[in-house]
Amino acid sequence: MAQPFLKKDDDRDGEEEYSLFFGIEKGAVLQEARVFNDPQLDPRRCSEVITKLLYLLNQGETFTKVEATEVFFSVTKLFRSTDSGLRRMVYLMIKEISASADEVIIVTSSLMKDMNSNTDMHRANAIRVLCRVTDGPLLTQIERYLKRAIVDKNPFVASAALVSGVHLIQINPEIVRRWSNEVQETIQSRAALVQFHALALLHQIRQNDRLALSKLVTSLTRGTVRSPLAQCLLIRYASQVIRESTTDNQTGDRLFHDFLESCLRHKSEMVILEAARAITELSGVTSRELSPAVTVLQLLLSSSKPVLRFSAVRTLNKVAITHPLAVTNCSIDMESLISDPNRSIATLAITTLLKIGNEASVDRLMKQITSFMSDIADEFKIVVVEAIRSLCLKFPQKCRSLMNFLSSILREEGGFEYKKVIVDSIFILIRDIPDAKETGLFHLCEFIEDCEFTYLSTQILHFLGNEGLKTPDPGKFIRHINNRVILENATVRAAAVSTLAKFGAMIDSLKPRILVLLRRCLHDIDDEVRDRATLYLGTLGGEEPTAKTDQDAKDFCLEPSEEPFDVASVPKEVVGGKTAAGLASAVDSYQTLLSAIPEFSLFGKLFKSSAAVELTEPETEYSVNAVKHVYDGHVVIQYNCTNTIPEQLLENLGDPGYYICRCIRSRGVLGSRVEAPPVLTVQFPGQTFVAFEKPAGAATVGKFSNLMKFFVKEVDPSTGEAEEEGAEDEYQLEDVEVSAADYMLKVGVSNFRNAWESLGPDNERVDEYGLGARETLAEAVAAVISILGMQPCEGTEVVPANSRSHTSLLSGVFIGGARVLVRLSFGIEGSKQVAMKLAVRSDDLRSAMRSTTSSPTADSSSLVNSLLRGQPYYLILLCIYIYTHTTTYTHMYRYM
Amino acid sequence: MDYCPKVKNIVLLDSKGKRVAAKYCTDDWPTFSAKLAFEKSVFTRTQKTNAQTEAEVAMIDGFVVIYRFIQDLIFFVTGGDDENELILETVLQGFTDAVGLLLRNNVDKKTAVENLDVILLCLDEIVDGGKIMVSYLLLFDHFWIILETDGSAIAEKVSGNASDGGSILSDQTITQALATAREHLARSLLK
């Protein structure tokens, strides 16, 4: 290498050499690389081409696999040359490119030759390169050379071998562990870096043997290590041993205490710093242990070298978090660092001071910081602001001056992140320190008068809306907020409108003024602002839907009456919109319809009416649908019949012999078949009601076959008169099934979790089911929910696409008034098999359990009783049973 | 090897922030553009500071960066947040010393680019590591270890003069000792 730059010194002819890489191009350089194949090698030219290749790699150029292979092979040809400078470049090139060329193995023979060369530099470099291309089998071949190299008298060779060992131990620990003796020998080397590498390797060899490691560290701490780097490493290892053995060395002095302390007096600053850091990071460090470390760090604070000052102040900053008192002595040195030209150091000094400062010194400190803040970058300012925030929380008495400081820096120039940190800090202080509230809010009000960041303005307006209300005189803020409405952009105006409305809603005395202000916003050019103003005017000024309730509540408070407050009288807000309203009105209309029929009035209150079920195909002669009405002791089926053919008249009026419905099979909860004739049949034109009796409160399920029998009379289309004679006819209708879902009211709960917890695990039953193969999980979920007839809560009826599992939360009220909550967990596997876990909690279960446990001997009969009384849990299990039975049966219902 | 002092990168930039040479030893900057972005960040953040005579230090993107300006070049060494800054500084010192010795104190961009091979060899002598081959196809991404921190030793290794004897200063050949002395003298005069 000596020759090239000698030459360059000589022929400095212009910029040619300088622009060696000017306009350099990968393709051209790859072409140039052909010189490596020349029979007569020109070492200098070859070196130059390698440099160009390395330059390309260094500038982010990448070679394709083919290019890399090609370059690699041609570079290996250069082993022919004996030029040591070129050889050195070849080694470097192989290392740089080996990552992308797996043919690297072909150079091993050349490298092994170099490894035994007489030239030290070749030996050292060949070892380094070889260790990167070696693999298991090869390692055993070269092992003895490496062992010899470790104890080589040339430190470069020794270092190369040791470093290779450090790398190779990751691949083949067994072999490297055998070098222990040789490595041990080199640890006494006079060469600094050899010692360092030997120590690193020894640690690697023994890292899994804690005792051996401890012994190694103990022996070395007795002062044979000279290299500062090795000494630093030794300190780290000692700390490791201390950390791992604290439990068995509680008595007396800490392990290696003397060693660490002696390192504080080492001649190398690197070691001093390492030792001081090690001491400060000891777990459970005492102030007696800390004090010598802090003292040396304090000395470093006044060093002329910036790196030393930085490292010392950084360490002390960390110590100040946990042991502020230990650092107090350094405050004078720290204060002088505030003016340090290196702003990193100055910031660290400031934040340390803020951490160790006592209440008395806060004011003086703030003065210094104020001058300092103007000439540091935003990122440092952020650190300072955060430190001031924690200081303020520590000394709430000082919040006035600190708050003033924050507000003054808030007014100064700064970027968004910086301003955001200040605003956030003020928010926190306002929330946590009552004294700071009013001043803080006013600082914020002032700030938004001249704030360039929309985000911050809206944040502050929102905050004012919450916190401003809690001050004694909230009216003061209105002016500031209204100014925003007048002066700002649309986003801020909208936020200001919301805040104004908050004031109006919460404080009655302000309401008239707010309404005036809001009305002005109705003519805003922005949609959002107008919309908000309209909405809030509606809520604040218009007819208040809650007014009556408020009045009731007030009356009740003033004159407590004997009557309990009826929650049902509170006006309800219909959340579900049209459909929910439609449903509610349908139930209401059925109730009125049925109560108008005297026969049914004895049945009591209607529990539930199902949706209409079509019993005929669409577009047939007669369209019939059925509605199931459930009473406590009866089920009424209402048939609605519509004649779709104008040319005929259907009649079956008043003839009791022709009822249209006959129950074919009624499956009670016990599974017994009951042929039950209807107790009552009532007919109206187009409507027939059939009532069945069932045990009171029981959830009897069953299937009803329906046959419509009637007289059909021809109608003359011209006159519209029916003929006298009619013919008897029958029409087979679809079956009506009364299922468990008919006994379940869909009643949602607002907070399923609370409701679930309130019922408690005692009222829970759990069972698992296989639901067979399903197309999708969503299909299975929808099917089970419709079978249970319960209200899905919290949107859990929706199954996200492609999900493998799902949980649905359902709630309802079972006949008899028991609240029922169900948690369904579904899972689908690869073969589309769906499994379900059903957990039920219910009020009613409790009584069922009690009745079973109270008479253990009559276990089965009480079970039967509870079944007859329609216990929801069993019922639900039953539905699932029916479900699985009628589809793909996979799981036997265990109670059947 | 969690305890070993680690250098994350060693970089040489020119006065416009363009890379002259760089060696990255960790995956903290996985892509080339991430590396360049970091170099740019270091460049802009250090511009207003004075690190002509003495190495300076800064926290940049959560890393400790020790840097030094020599003529129109910026030398910097990056370490982790918890690294001993003085070790990093020693590495930087070794790098600048070696480059100074090898370029005969003509440390500027022009000379550095002319002698890029020398710079790259220096970097190679300071840290050792990188990918290790476990089998023909499997490369093991290994950590880098500091190989040499002494400037004159690095220069010796790069110039290939080490074959004549030991490496440590006391074992240097007379020529080299003289050369070193001359460099030190030159440097003190330059200050």
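Scroll up to find the structure this text is about.
Residues numbered from 1 in each chain as written. Chains lettered and ligands numbered in written order. Predicted model: local features only at pLDDT ≥ 70, side-chain atom pairs only at ≥ 80, totals over all residues. Heavy atoms only, no water.

Helix and strand counts for chain A come out as 38 helices and 17 strands. Residue burial in chain A is summarised as follows: out of 896 residues, 51% are buried. A separation threshold of at least 6 residues defines the contact pool for chain A, and within that pool the share at least 24 residues apart is 64%. Summed over all atoms, the accessible surface of chain A reaches about 42700 Å², with 53% contributed by carbon and sulfur. (Helix = DSSP H or I, 4+ residues; strand = E, 2+ residues; numbered from the N terminus. Buried < 20%, exposed > 50% of the residue type's maximum accessible area, 1.4 Å probe, protein only. Contact = heavy atoms within 4.5 Å. Areas by Shrake-Rupley, 256 points an atom, 1.4 Å probe, with all protein chains shown as cover.)

Here we come to the overall build of chain B. A count of helices and strands for chain B gives six helices and seven strands. Order of helices (α) and strands (β) in chain B, N terminus to C terminus: β-β-α-β-β-β-α-α-α-β-β-α-α. Within chain B, the proportion of its 191 residues that are buried is 61%. Summed over its atoms, the accessible surface of chain B is roughly 7300 Å², and 55% of this surface lies on carbon and sulfur atoms.

Turning to the sheet that holds strand β2 (residues 19–24) of chain B, a few remarks are in order. Taken in spatial order, the five strands make up an open sheet running β2-β1-β5-β4-β3 (chain B), and their pairing is antiparallel. Because the sheet does not close on itself, it has two edges, and the strands there are β2 and β3 (56–60) of chain B. Neighbour-to-neighbour, the strand axes of this sheet turn through a mean angle of 20 degrees, independent of strand direction. Running over the sheet, helix α18 (residues 306–322) of chain A touches β3 and β4 (63–70) of chain B and is turned about 45 degrees from β3 of chain B. (Pairing = 2+ DSSP bridges. Axes fitted to C-alpha atoms, helices over the stretch in contact; angles between N-to-C directions.)

A word on the side chain of Thr 471 of chain A. All names here are of chain A. With respect to the helices, strands and loops of the structure, Thr 471 is situated in the loop between α27 (454–467) and α28 (475–487). There is a polar contact of 2.6 Å between the side chain of Thr 471 and the backbone oxygen of Gly 468. In contact with Thr 471, not counting residues within four places along its chain, are Lys 437, Leu 441 and Phe 477. (Polar contact = N/O pair within 3.5 Å; in protein donor to acceptor, adjacent residues only side chain to side chain.)

In this section: the packing of aromatic side chains. Residue and element names in this part refer to chain A. On inspection of all chains with the given rule, the structure shows 15 aromatic pairs over all chains. Between Phe 442 and Phe 477 the ring centres are 5.1 Å apart and the planes differ by 25 degrees, which places this aromatic pair in the stacked class. With Phe 442 in helix α26 (residues 436–449) and Phe 477 in helix α28, the pair connects residues that are 35 residues apart, well separated along the chain. With relative accessibility at 0%, the residue Phe 477 sits in the buried group. (Phe/Tyr/Trp six-rings, centres within 6.5 Å; stacked < 30°, edge-to-face > 60°.)

What follows concerns the pairing of strand β16 (residues 818–828) of chain A. Every regular strand shows the same layout, with side chains that alternate between the two sheet faces. Residue and element names in this part refer to chain A. Where strand β15 (residues 805–814) and β16 come together, 10 bridges link them in antiparallel fashion. Counterpart to Gly 812 in the pairing with β16 is Val 820. Following β15, the chain reverses through three residues before pairing antiparallel with β16; Gly 816 in that reversal takes a positive phi of roughly 105 degrees. Looking at chain direction, β16 and strand β17 (residues 833–842) are connected through nine bridges and run antiparallel. Looking at the pairing, Val 820 lines up with Ser 842 of β17.

All names here are of chain A. Tracing the sequence through the fold places Ala 496 in helix α29 (residues 490–506). Along the backbone, Ala 496 and Val 529 are 33 residues apart, and their C-alpha atoms lie at a distance of 9.1 Å. Those residues in contact with Ala 496 that lie beyond four places of it in its chain are Leu 461, Ile 481, Arg 484 and Val 485.

Residue and element names in this part refer to chain B. Helix length check: helix α2 (residues 85–102) (18 residues) gives 26 Å between terminal C-alpha atoms against 26 Å at 1.5 Å per residue, within 8%. Burial analysis of α2 places 16 of its 18 residues in the buried class, which makes it a mostly covered element. Between the side-chain oxygen at the start of α2 and the backbone nitrogen of Leu 86 there is a gap of 2.9 Å, and the oxygen is on Asn 84. Looking at the residues trailing α2, positive phi occurs at Arg 104, about 50 degrees. (Expected span 1.5 Å × (residues − 1).)

Moving on, we come to the side chain of Asp 114 of chain A. All names here are of chain A. Structurally, Asp 114 is set in helix α6 (residues 108–115). By relative accessible area, which is 6% here, Asp 114 ends up buried. In this structure Asp 114 touches Phe 79, Arg 87, Tyr 91, His 122, Arg 123 and Ala 126, once residues within four positions along its chain are discounted.

As a working rule, side chains carrying opposite charge can pair if their charged atoms are close by. Under the counting rule described, the total for this entry stands at 41 salt bridges over all chains. Residue Glu 335 of chain A pairs with Arg 364 of chain A through a salt bridge whose shortest N-O separation is 3.0 Å. On the criterion of sequence distance, the pair formed by Glu 335 of chain A in helix α20 (residues 331–337) and Arg 364 of chain A in helix α22 (residues 362–373) is long-range, its members being 29 residues apart. By relative accessible area, which is 47% here, Arg 364 of chain A ends up partly exposed. Taking the shortest distance from any N to any O, the salt bridge between Asp 14 of chain B and Lys 109 of chain B comes out at 2.8 Å. With Asp 14 of chain B in strand β1 (residues 9–14) and Lys 109 of chain B in helix α3 (residues 109–114), this pair connects stretches of sequence that are 95 residues apart. For Lys 109 of chain B, a relative accessible area of 18% puts it in the buried group. (Salt bridge = Lys/Arg side-chain N within 4 Å of Asp/Glu carboxyl O.)

It is worth spelling out the packing of helix α5 (residues 84–97) of chain A against helix α7 (residues 120–133) of chain A at this point. All names here are of chain A. Direction vectors running N to C along α5 and α7 enclose 15 degrees, while the axes themselves pass 10 Å from each other. In terms of their interaxial angle, α5 and α7 are classed as roughly parallel. When you trace α5 past α7, the crossing you get is left-handed. Contacts from Ser 84, Arg 87, Arg 88, Tyr 91, Ile 94 and Lys 95 in α5 reach His 122, Asn 125, Ala 126, Arg 128, Val 129 and Arg 132 in α7. Looking at side-chain class alone, the contact of α5 with α7 contains four nonpolar, three polar and five charged residues. (Parallel < 35°, antiparallel > 145°, perpendicular 65-115°, else oblique. Left-handed = near helix turned anticlockwise from the far one by under 90°. Nonpolar A, V, L, I, M, F, W, Y, C, P; charged D, E, K, R; others polar.)

Glancing now at the nonpolar core. Residues and elements named next belong to chain A. Counting residues in hydrophobic clusters, the biggest one holds 247 residues, and the most contacted among them are Phe 36 and Met 373. Beyond its immediate stretch of four places on either side in the chain, Phe 36 contacts Leu 41, Cys 46, Val 49, Ile 50, Leu 53, Ser 74, Val 75, Lys 77, Leu 78 and Arg 80. Among the nonpolar cores identified, the runner-up in size contains 41 residues, and Ala 626, Tyr 731, Leu 733 and Val 834 belong to it. (Core = buried A, V, L, I, M, F, W, Y, C linked by side-chain atoms within 4.5 Å.)

Residue and element names in this part refer to chain B. For helix α1 (residues 32–46), with 15 residues, the first-to-last C-alpha span of 21 Å sits near the 21 Å given by 1.5 Å per residue. If you check which residues of α1 are buried, you get Lys 35, Phe 38, Glu 39, Ser 41, Val 42, Phe 43 and Thr 46. Looking at the buried positions of α1, the neighbouring elements they touch are β1, β2, β3, β4 and β5 (73–79).

So, about the environment of Ser 303 of chain A. Residue and element names in this part refer to chain A. With respect to the helices and strands, the residue Ser 303 is situated in the loop between α17 (287–301) and α18. Using a relative accessible area of 17% as the deciding quantity, one classes Ser 303 as buried. In this view, Ser 303 contacts Leu 308 and Arg 309; residues no more than four positions away in its chain are not counted. Reaching out from Ser 303, the side chain makes a polar contact with the backbone nitrogen of Lys 305 at a distance of 2.9 Å.

Contact geometry of helix α16 (residues 269–280) of chain A with α2 of chain B gives a least axis separation of 8 Å together with a crossing angle of 155 degrees. By the angle class used here, α16 of chain A and α2 of chain B are roughly antiparallel. Seen from above, α16 of chain A lies across α2 of chain B with left-handed handedness. Contacts between α16 of chain A and α2 of chain B involve Glu 269, Met 270, Leu 273, Glu 274 and Arg 277 of chain A from the first element and Glu 85, Leu 86, Ile 87 and Thr 90 of chain B from the second. In terms of residue class, the contact of α16 of chain A with α2 of chain B is made up of four nonpolar, one polar and four charged.

So, about empty space enclosed by the protein. To find leftover empty space, one rolls a probe the size of a water molecule over the atoms. With the rule as written, the count across this model stands at six cavities of 30 Å³ or more. In this model, the second largest cavity occupies a volume close to 40 Å³. Lining of the second largest cavity is provided by Met 121, Ala 124, Asn 125, Arg 128, Phe 156 and Ala 160 of chain A together with Glu 125, Leu 147 and Lys 157 of chain B. Counting residues per element, the ones that place at least two in the lining of the second largest cavity are α7 and α9 (155–168) of chain A. With four residues, the top contributor of residues to the lining of the second largest cavity is α7 of chain A. Here the lining of the second largest cavity is built from residues that sort into five nonpolar, one polar and three charged. (1 Å grid on protein atoms, 1.4 Å probe; cavity = no way out; pocket = protein on both sides within 12 Å on 5 of 7 lines; lining within 4 Å. Points joined across faces, edges and corners; volume = space filled by probe spheres on them.)

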